[in-house]
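Coordinate inspection notes
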Amino acid sequence: MNSSRLFEIPVILWGFGLNAVWEFAQSAFYVDHANGWRYVVWSRFHCTVGDVLILLGAFLVTAAISRSRRWPVDRGNAVAAVFIGVGLAYTIWSEWFNTTIRESWAYAAAMPLVFGVGLLPLLQWLAVPTLLIWILRRQPARVSLKGNLE
């Protein structure tokens, strides 16, 4: 299989690991944290998968805008800011919608809020994509950093 078609694999794998750590670390800031360890593990796994889908979506939007799937290494920090901005914008909307309209989840009293949105999810979408870009820029070229959008 052509490795240029697999560039998203490191994004998914690193994204899963980084987001899983964050999700479990912020777990106590959600009211469902008291629902027992099995529920919390399943819930945080589910949230991590959702985070990876957001991350992958933001990556692909950025690739389309920059016309390169190699943008983490070929493009500068302005393109990286687009990636972070897309994920952050979706997160702001999603957190608001899911806590206010759908009431899919709720923050614990300890969660700091910024205009009604949890501070920790906002920080997640600044820190995780930034760290991911840093990691991708240090990956050997043979792993995945090939190919433009076709």
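From a predicted model like this one, the values you see are computed outputs, not experimental measurements. (Residues numbered from 1 in each chain as written. Predicted model: local features only at pLDDT ≥ 70, side-chain atom pairs only at ≥ 80, totals over all residues. Heavy atoms only, no water.)

**Thoughts on the nonpolar core**
In this structure, Val 11, Leu 55, Phe 59, Trp 71, Phe 83, Leu 132 and Ile 133 are the most contacted members of the largest nonpolar core, which totals 26 residues. It is helix 5 (residues 119-136) that contributes the most residues to this core, eight residues altogether. Discounting residues that sit within four places of it in the chain, Trp 71 has contacts with Phe 59, Thr 62, Ala 63, Ser 66, Val 79, Ala 80, Phe 83 and Ile 133. (Core = buried A, V, L, I, M, F, W, Y, C linked by side-chain atoms within 4.5 Å. Buried < 20%, exposed > 50% of the residue type's maximum accessible area, 1.4 Å probe, protein only. Helix = DSSP H or I, 4+ residues; strand = E, 2+ residues; numbered from the N terminus. Contact = heavy atoms within 4.5 Å.)

**Comments concerning the packing of helix 2 (residues 37-66) against helix 5**
Following both chains from N to C, one finds helix 2 and helix 5 inclined at 65°, their axes separated by 12 Å at the closest point. As helix 2 runs across helix 5, the sense of the crossing is right-handed. Together, Asp 51, Ile 54 and Leu 55 of helix 2 and Gln 124, Trp 125, Pro 129 and Leu 132 of helix 5 make up the contact between the two elements. For the contact of helix 2 with helix 5, the residue count by class is five nonpolar, one polar and one charged. (Axes fitted to C-alpha atoms, helices over the stretch in contact; angles between N-to-C directions. Left-handed = near helix turned anticlockwise from the far one by under 90°. Nonpolar A, V, L, I, M, F, W, Y, C, P; charged D, E, K, R; others polar.)

**Describing the confidence of the model for the protein**
Summary statistics for the protein give a mean pLDDT of 89 and a share of 89% for residues scoring 70 or more. Averaged pLDDT values over the elements of the protein bottom out at 44 in helix 6 (residues 141-144) and peak at 97 in strand 2 (residues 117-118). Every residue in residues 142-150 is under pLDDT 50, and counting partners more than four places away or in other chains gives 28 contacts. (pLDDT = per-residue confidence, 0-100.)

**With respect to the side chain of Ser 27**
Summarising the element assignment, Ser 27 is placed in the loop between helix 1 (8-25) and helix 2. The buried category is assigned to Ser 27, whose relative accessible area is 2%. Here Arg 44 takes part through its side chain, which lies 3.1 Å from a polar atom of the side chain of Ser 27. Ignoring sequence-local partners within four residues, the contact set of Ser 27 consists of His 33, Val 40 and Arg 44. (Polar contact = N/O pair within 3.5 Å; in protein donor to acceptor, adjacent residues only side chain to side chain.)

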